[in-house]
Every structure is written in C-alpha cells, then in structure tokens.
Amino acid sequence: EMAKIRPGDKVLDVGCGTGNLTLTAKKYAGTSGSVYGIDAAPEMIEVAREKAKRHGLQAVFEIGLIEKIPFPDAMFDVVINRLVIHHLPDDLKRRGFAEIFRVLRPGGRIFLADFRPPSNPILAHIAAALVGHQMMMRSNIENIPLMMVEAGFVDVTFGPTRSAFLAFVSGQKPNL
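A few points on the structure. (Residues numbered from 1 in each chain as written. Predicted model: local features only at pLDDT ≥ 70, side-chain atom pairs only at ≥ 80, totals over all residues. Heavy atoms only, no water.)

A short note on the overall build of the protein chain
In terms of regular secondary structure, the protein chain is built from six helices and seven strands. Counting helices and strands in the order they occur from the N terminus, the protein chain gives β-α-β-α-β-β-α-β-α-α-α-β-β. Residue burial in the protein chain is summarised as follows: out of 176 residues, 45% are buried. Nonlocal contacts in the protein chain, meaning residues at least 24 apart in sequence, comprise 70% of its contacts between residues at least 6 apart. In the structure as shown, the protein chain presents an accessible area of about 8,900 Å², 58% of it carried by carbon and sulfur atoms. (Helix = DSSP H or I, 4+ residues; strand = E, 2+ residues; numbered from the N terminus. Buried < 20%, exposed > 50% of the residue type's maximum accessible area, 1.4 Å probe, protein only. Contact = heavy atoms within 4.5 Å. Areas by Shrake-Rupley, 256 points an atom, 1.4 Å probe, with all protein chains shown as cover.)

If you want it as structure tokens, here you go:
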C-alpha cells in the first residue's frame with residue numbers, strides 16, 4: 001500500500017525471500033501488471049515459486065543479487081524491498097541502489113522498509129530479543145536516504161511505518 005503500486009505496474013521485489021511481499025504486490029498490480037522477485041538463495045526462490053503456484057498467482061522468481069540485477073535497463077515501474085538492506089555492508093548497498101536505479105524506468109519508484117532501532121527503551125529491548133541486539137545495532141536506515149540521493153534518486157522521503165520496528169525510504173528516478 002505504501003509503495004503505491006497501481007494496476008498495470010511492473011514490480012520487482014529485490015531480496016524477495018519466500019515471496020510474501022512479491023505476491024502481495026501482485027494483488028495491487030492486478031492482472032494487467034506483473035511482478036518479479038529475486039533472491040540470492042535458491043531455496044527461497046523455490047519456496048516462492050511453489051507459493052505462487054499454490055495461490056494461483058502469476059509471478060516470476062529468479063535467483064539474483066541486488067548488485068547484479070538480472071533484468072534490462074528501465075524495465076520496472078516500482079522496485080520494493082523489505083528487511084534486506086540491513087544485511088548489506090554500505091558499499092553493497094550503494095551498488096544495489098545503482099542497479100535499482102538502472103532497472104527503473106524514468107519516473108519509476110523505489111520503496112523499501114527495514115529495521116529502525118526504536119527510541120523507546122522498552123521497545124528497543126523487545127526488538128533486540130526478537131531479532132538480536134547485533135541486528136538492531138547494525139541497522140542504519142537513517143543513512144539510506146543519502147545513499148539513494150547519491151545514486152540519482154529524487155523526492156527521497158523517510159518515515160515511520162505502522163510497525164514500531166520498521167521505517168521506510170522511498171524515492172523516484174527522475175523523468176528524462
């Protein structure tokens with residue numbers, strides 16, 4: 001919903017895991033839209049393919065890396081990503097944003113959601129218990145907007161989601 005996926009959009013989920021977000025995106029893109037998911041783990045791609053088949057949803061799942069997205073330039077209207085960026089070192093994040101920029105059409109959008117360390121000490125303790133202290137401490141979603149601007153994105157925004165543990169960052173590839 002927050003990614004503003006519309007009927008007819010061509011959507012890429014980078015780091016799709018078992019395909020939950022990809023298949024949700026398909027519901028928004030509708031029958032006139034198409035969704036693709038890539039993940040580095042072959043076993044995740046297999047689960048995602050089976051899930052799509054079981055639910056009768058058309059989606060393409062491929063093994064792929066954020067730093068080498070296996071699709072042509074300007075193919076997608078929207079690129080989404082959830083709970084992946086915190087796993088990557090900053091240099092790989094930058095290469096990934098450059099690749100996302102490459103595969104987005106002019107005017108295309110990126111939307112990602114990832115961990116945001118809560119400022120509330122009680123929530124911070126709960127988050128650390130759920131995902132691990134190291135994971136929460138490594139999360140630097142506040143640095144992502146600048147990286148996206150450096151990659152060429154415009155209208156970059158950052159903010160909370162409905163989850164106390166997640167924040168979003170979105171941006172747009174400029175129209176040419």
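Side note on the nonpolar core
Counting residues in each nonpolar core, the largest one holds 25 residues, and the members touching the most others are Leu12, Phe97, Ile100, Leu112 and Ile144. Secondary-structure elements contributing two or more residues to this core are strand 1 (10–14), strand 2 (34–39), strand 4 (76–82), helix 3 (90–103), strand 5 (104–115), helix 6 (144–151) and strand 7 (166–172). Of the residues forming this core, the biggest block, four residues, is contributed by helix 3. Setting aside anything within four residues of it in sequence, one finds Ile144 in contact with Ile85, Lys93, Phe97, Leu112 and Val169. Formed by eleven residues, the second largest nonpolar core is a distinct cluster that contains Ala3, Val11, Ala25 and Phe168. (Core = buried A, V, L, I, M, F, W, Y, C linked by side-chain atoms within 4.5 Å.)

Topic: the pattern of salt bridges
Enumeration according to the criterion identifies eight salt bridges in this entry. Across the salt bridge formed by Arg162 and Glu1, the nearest N and O atoms sit 3.2 Å from each other. Of this pair, Arg162 sits in the loop between strand 6 (154–160) and strand 7 while Glu1 sits in the segment before strand 1, and the two are 161 residues apart along the sequence. Exposure class is identical for Arg162 and Glu1. Each is exposed. Where Arg109 meets Asp9, a salt bridge forms, and the shortest distance between an N and an O atom there is 3.3 Å. Taken together, the residues Arg109 in strand 5 and Asp9 in the segment before strand 1 connect sequence positions 100 residues apart. You can call Asp9 buried: its relative accessible area is 5%. (Salt bridge = Lys/Arg side-chain N within 4 Å of Asp/Glu carboxyl O.)

A word on the pairing of strand 1
Of all five residues making up strand 1, four are buried, and the element is well covered by its neighbours. Looking at chain direction, strand 1 and strand 2 are connected through five bridges and run parallel. Bridged to Leu12 within strand 2 is Tyr36. After leaving strand 1, the chain enters helix 1 (residues 20–29) and then returns to the sheet as strand 2, a path that is right-handed. (Pairing = 2+ DSSP bridges. Right-handed = clockwise from strand over helix to strand, strands pointing away.)

Examining the environment of Ala59
Mapping Ala59 onto the fold places it in the loop between helix 2 (42–55) and strand 3 (60–63). Of the residues examined, Ala59 reaches a relative accessible area of 22% and is grouped as partly exposed. Between the alpha carbons of Ala59 and Ala25 there is a distance of 9.8 Å; along the sequence they are 34 residues apart. When residues no more than four places from it in sequence are discounted, the contact partners of Ala59 are Leu23, Val35 and Ala52.

What to know about the sheet that holds strand 3
Spatially, the seven strands line up as an open sheet ordered 3-2-1-4-5-7-6, and their pairing is mixed. What marks the edges here is a single partner per strand, and that holds for strand 3 and strand 6. Ignoring which end each strand starts from, the neighbouring axes of this sheet average 15 degrees apart. As judged from the three bridges shared by strand 1 and strand 4, these two strands associate in the parallel manner. Considered in strand 4, the bridge of Leu12 is made with Val79. Packed on one face of the sheet, helix 3 meets strand 1, strand 4 and strand 5 and runs near 145 degrees to strand 5. (Axes fitted to C-alpha atoms, helices over the stretch in contact; angles between N-to-C directions.)

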